[in-house]
Amino acid sequence: MEVILQNLTKKFPGRGRKNPDEVTAVNDFNFEIPDGSLIGLLGPSGCGKSTTLHLISGLLKPTSGKIFFGEDDVTGLPPENRGIGLVFQNYALYPHLTVKQNILFPLENLKGKDKLSKQEMLEKAQEAARLVQIDGLMERKPGELSGGQQQRVAIARALVKMPRVLLLDEPLSNLDARLRLQTREEIRRIQQETGITTIFVTHDQEEAMSISDQIVVMKDGIVQQTGKPQEVYDDPLNLFVAKFLGNPQINVFHGEIKGNRLYIGEDAVLDIQGTEREVYVGIRPEGFVPKADGPLSCGLRGVEVMGRDISVVTFNKASLAPAVRSIISTENMADIGSTTARFAVLPHKVYLFDKETEERIYYKTEAVGQ
């Protein structure tokens with residue numbers, strides 16, 4: 001099912017004398033979600049991603065704008081008539097009911113032409129449980145399950161009616177790291193197996209990038225950038241997007257373009273063609289290449305061994321953050337000095353941003369000396 005959001009806006013009224021102004025949680029959101037795709041709504045707390053999900057579900061009414069499911073305008077429809085499946089952060093299972101009864105609950109409330117026989121309901125519940133691999137737990141109650149198993153029950157309950165659109169609101173935040181990895185892979189498998197259009201809300205950029213067909217990065221209710229995860233990572237439109245995507249986070253420096261060179265502090269790190277100006281320079285952690293005579297000099301703080309790769313922690317007076325992190329292979333460890341680390345930088349991993357607007361500046365660059 002294709003989902004189309006047109007000029008979607010949600011404003012909340014002010015609260016009392018101390019906070020009289022309206023709060024715009026979602027501001028003029030326009031986006032088309034292709035049929036059968038998995039879209040990640042991504043951003044920090046308070047950016048409007050959950051509000052957007054609740055507008056799509058019908059739990060909130062928009063201040064303005066429209067929502068279409070295919071050709072159907074569902075803006076004014078109540079949630080129960082939209083054909084959505086919704087999975088909350090806290091699972092919201094009925095503790096006194098078994099897994100089977102929890103999954104059956106949405107089917108038991110169907111009326112009229114949609115009403116099913118008991119046998120049909122049982123078959124659908126069993127199929128939903130099989131899909132999320134909990135068909136052997138049907139007689140247990142939620143209190144007897146692990147967090148990951150409870151999450152699967154919540155997903156099965158949302159899937160049992162085969163909704164037109166599946167909405168997941170921070171579904172993995174209550175799970176430990178290993179279980180989050182496993183469950184997000186399961187969510188992707190289920191989505192591909194069912195072909196249901198899915199919208200996945202998360203503040204975790206790694207989750208969104210790993211399973212989404214497209215991501216929507218939000219800040220203060222405004223869409224900052226949309227696109228395929230790797231494309232957004234490789235080509236951020238502004239400093240916020242560049243900083244939000246990537247782990248470790250992108251390193252940001254005060255920089256200056258002068259004499260056809262890009263300077264970080266006193267170090268000329270790239271040959272560049274462009275107007276002389278001060279800029280923010282963003283360098284991805286994987287954009288540093290240890291080199292004994294490299295143009296960028298940093299003081300060495302320490303080395304963190306991560307197995308396949310090494311995280312080199314350094315400092316530089318021009319950095320906006322106290323630490324500069326670079327990711328290098330273990331083979332390059334020999335090029336790291338004892339007190340100072342020198343690097344060349346990969347031009348395609350270096351991004352320039354306007355100091356006032358923080359919007360991306362596009363320049364033709366190449367490594368010094370090439």
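My aim in this report is to walk through the structure given alongside it, one point at a time. The structure displayed is predicted, hence computed values, not measured ones.

## Here's the deal with the packing of aromatic side chains
Then comes step 1: This model, assessed by the stated rule, comprises three aromatic pairs.
Then comes step 2: Judged by centre distance (4.8 Å) and plane angle (50°), the rings of Y94 and F105 are tilted. On the criterion of sequence distance, the pair formed by Y94 in the loop between strand 6 (84-87) and helix 2 (99-108) and F105 in helix 2 is long-range, its members being eleven residues apart.
Then comes step 3: For Y94, a relative accessible area of 31% gives the class partly exposed.
Then comes step 4: Here F105 falls in the partly exposed class, since its relative accessible area comes to 30%.
Then comes step 5: Ring centres of F240 and F244 lie 5.7 Å apart, and the angle between their planes is 20°; this geometry places the pair in the stacked category. Of this pair, F240 and F244 are both found in helix 8 (residues 239-244), four residues apart, which corresponds to roughly one turn of the helix.

## Some points on the sheet that holds strand 9 (residues 214-219)
Then comes step 1: Spatially, six strands are ordered 6-7-8-3-9-10 in an open sheet, and the strand pairing comes out mixed. Each edge of the sheet is formed by a strand with only one pairing partner; in this case those strands are strand 6 and strand 10 (222-227). Neighbour to neighbour, the strand axes of the sheet diverge by 15° on average, direction disregarded.
Then comes step 2: One ladder, built from five bridges, connects strand 9 with strand 10; its direction is antiparallel.

## Some details on the pairing of strand 17 (residues 309-315)
Then comes step 1: Across the seven residues of strand 17, five count as buried, placing the element largely inside the fold.
Then comes step 2: Note: strand 16 (residues 296-305) against strand 17, six bridges, orientation antiparallel. The residue of strand 17 that forms the bridge with G302 is V313.
Then comes step 3: Here strand 16 hands over to strand 17 after three residues, with G307 in that stretch at a positive phi of 100°.

## A look at the pattern of salt bridges
Then comes step 1: Scanning the model with the defined rule gives 15 salt bridges in all.
Then comes step 2: One salt bridge connects R164 with D72, and the closest N-O pair in it is separated by 3.3 Å. On the criterion of sequence distance, the pair formed by R164 in the loop between helix 4 (147-159) and strand 7 (165-169) and D72 in strand 5 (residues 72-73) is long-range, its members being 92 residues apart.
Then comes step 3: The partly exposed category is assigned to R164, whose relative accessible area is 27%.
Then comes step 4: One salt-bridge network, in which partners are shared between bridges, spans E127, R130, R152, E186, R189 and E193.

Each value, and the rule that gives it
Residues numbered from 1 in each chain as written. Predicted model: local features only at pLDDT ≥ 70, side-chain atom pairs only at ≥ 80, totals over all residues. Heavy atoms only, no water. Phe/Tyr/Trp six-rings, centres within 6.5 Å; stacked < 30°, edge-to-face > 60°. Helix = DSSP H or I, 4+ residues; strand = E, 2+ residues; numbered from the N terminus. Buried < 20%, exposed > 50% of the residue type's maximum accessible area, 1.4 Å probe, protein only. Pairing = 2+ DSSP bridges. Axes fitted to C-alpha atoms, helices over the stretch in contact; angles between N-to-C directions. Salt bridge = Lys/Arg side-chain N within 4 Å of Asp/Glu carboxyl O.

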